[in-house]
Amino acid sequence: MTELSDEEKEEKAKELDKSALFDVHVWSEHPEVNKAVDELYSMLKELPDFKGDEKLRKKHVKVVILDLYVKWLTDPKMYSSYHRKRNRYTELDERYNKLCISYTFA
């Protein structure tokens, strides 16, 4: 992996300023949303590492898609930020554990 120049780091930092925390509470039962989630899920489950309870995985896919969509409506260049530290996905963590979101899903 090539190290970024100072100018590239500054540009990346500016881009990341356009971010908001991943919202675990977005939801929809709209038929078009459910259809899109079903289609995306059918593609994802073909991946060798995409395993687990189908109902829970679909719920997670839906939350991620809706979070990205809401952010895109706000600003098409907005990022969704989430923790990459494994310990943020434990039973004690209030933010992610409410939806049983694990480190492997993130």
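Please read these numbers as outputs of a predicted model, since none were measured by experiment.

### Remarks on the overall build of the protein chain
Secondary structure assignment for the protein chain yields four helices and two strands. Secondary structure of the protein chain in N-to-C order comes out as α-β-α-α-β-α. Here the contacts in the protein chain between residues at least 6 apart in sequence split such that 65% fall between residues at least 24 apart. If you sum the accessible surface of the protein chain, you get close to 8300 Å²; carbon and sulfur atoms cover 55% of it.

### Focus on a nonpolar patch on the surface
Together, Tyr69, Val70, Trp72 and Leu73 line one region of the surface with nonpolar side chains, adding up to about 430 Å² of accessible area. Tracing the backbone shows Tyr69 in helix 3 (residues 54-74).

### Describing the nonpolar core
One finds Phe22, Val24, Val26, Val33, Val37, Tyr41, Phe50, Val61, Val63 and Leu66 forming the largest nonpolar core, which totals 10 residues. Sorting the residues of this core by element identifies helix 2 (31-44) and helix 3 as the ones contributing at least two each.

### Observations concerning the packing of aromatic side chains
Any pair of aromatic rings gets described here by the distance separating the centres and the angle formed by the planes. Applying the stated criterion to the full structure yields two aromatic pairs. Consider the rings of Tyr41 and Phe50, whose centres lie 5.5 Å apart with planes at 65°: the pair is edge-to-face. Overall, Tyr41 belongs to the buried group, its relative accessible area being 5%. Relative to Trp72, the ring of Tyr69 has its centre 6.2 Å away and its plane inclined at 20°; by these criteria the two rings are stacked. In this pair, Tyr69 and Trp72 are both assigned in helix 3, three residues apart and thus about one turn of the helix distant.

### Considering the confidence of the model for the protein chain
Looking at the protein chain as a whole, the pLDDT averages 86, with 82% of positions reaching at least 70. Element-level mean pLDDT values for the protein chain span from 65 in helix 4 (residues 94-97) up to 96 in helix 2.

### Digging into the pattern of salt bridges
Here the structure, examined in full by the defined rule, presents six salt bridges. Between Glu10 and Lys14 there is a salt bridge whose closest N-O contact spans 3.6 Å. One end of the pair is Glu10 and the other is Lys14, both in helix 1 (residues 6-16) and four residues apart, which spans about a single turn. The exposure class assigned to Lys14 is partly exposed, which follows from its relative accessible area of 47%. Of the charged contacts, one joins Lys62 and Glu29 as a salt bridge, the two residues approaching to 3.7 Å between their closest N and O atoms. A residue pair is termed long-range when its members are at least 10 positions apart, and Lys62 in helix 3 and Glu29 in the loop between strand 1 (19-21) and helix 2 qualify at 33 residues. Given a relative accessible area of 6%, Lys62 falls into the buried group.

Parameters at a glance
- All residue numbers refer to position in the chain's written sequence, counted from 1.
- The predicted origin of the model limits local features to residues at a pLDDT of at least 70 and limits the giving and counting of side-chain atom pairs to 80 or more, whereas totals for whole chains, interfaces and linings rest on all residues.
- Hydrogens and waters are ignored; side-chain quantities use all the structure's heavy atoms.
- By the criteria applied, helices consist of DSSP H or I runs no shorter than four residues and strands consist of E runs no shorter than two, each listed in order from the N terminus.
- Note on definitions: a residue-residue contact is assigned when non-hydrogen atoms from the two residues lie within 4.5 Å.
- With residues, only the protein chains shown are counted as cover, and all accessible areas are computed by Shrake-Rupley using a 1.4 Å probe.
- Like-charged residues are merged into a patch within 9 Å and nonpolar side chains (Val, Leu, Ile, Met, Phe, Trp, Tyr) within 5 Å, provided each residue has over 30% relative accessible area and no salt bridge.
- Salt bridges are identified by distance alone: a Lys or Arg side-chain nitrogen within 4 Å of an Asp or Glu carboxyl oxygen.
- By nonpolar core is meant a set of buried Ala, Val, Leu, Ile, Met, Phe, Trp, Tyr and Cys residues that side-chain atoms within 4.5 Å join together.
- A simple rule labels every residue: compare its accessible area, found with a 1.4 Å probe on the protein chains alone, to the largest value its type can have, and call it buried under 20%, exposed over 50%, or partly exposed in between.
- Each pair of aromatic rings taken from Phe, Tyr and Trp, with Trp reduced to its six-membered ring, is defined by centres within 6.5 Å and is described as stacked if the planes are under 30 degrees apart, edge-to-face if over 60, and tilted in the remaining cases.
- How sure the predictor is of each residue is captured by pLDDT, a score from 0 to 100.

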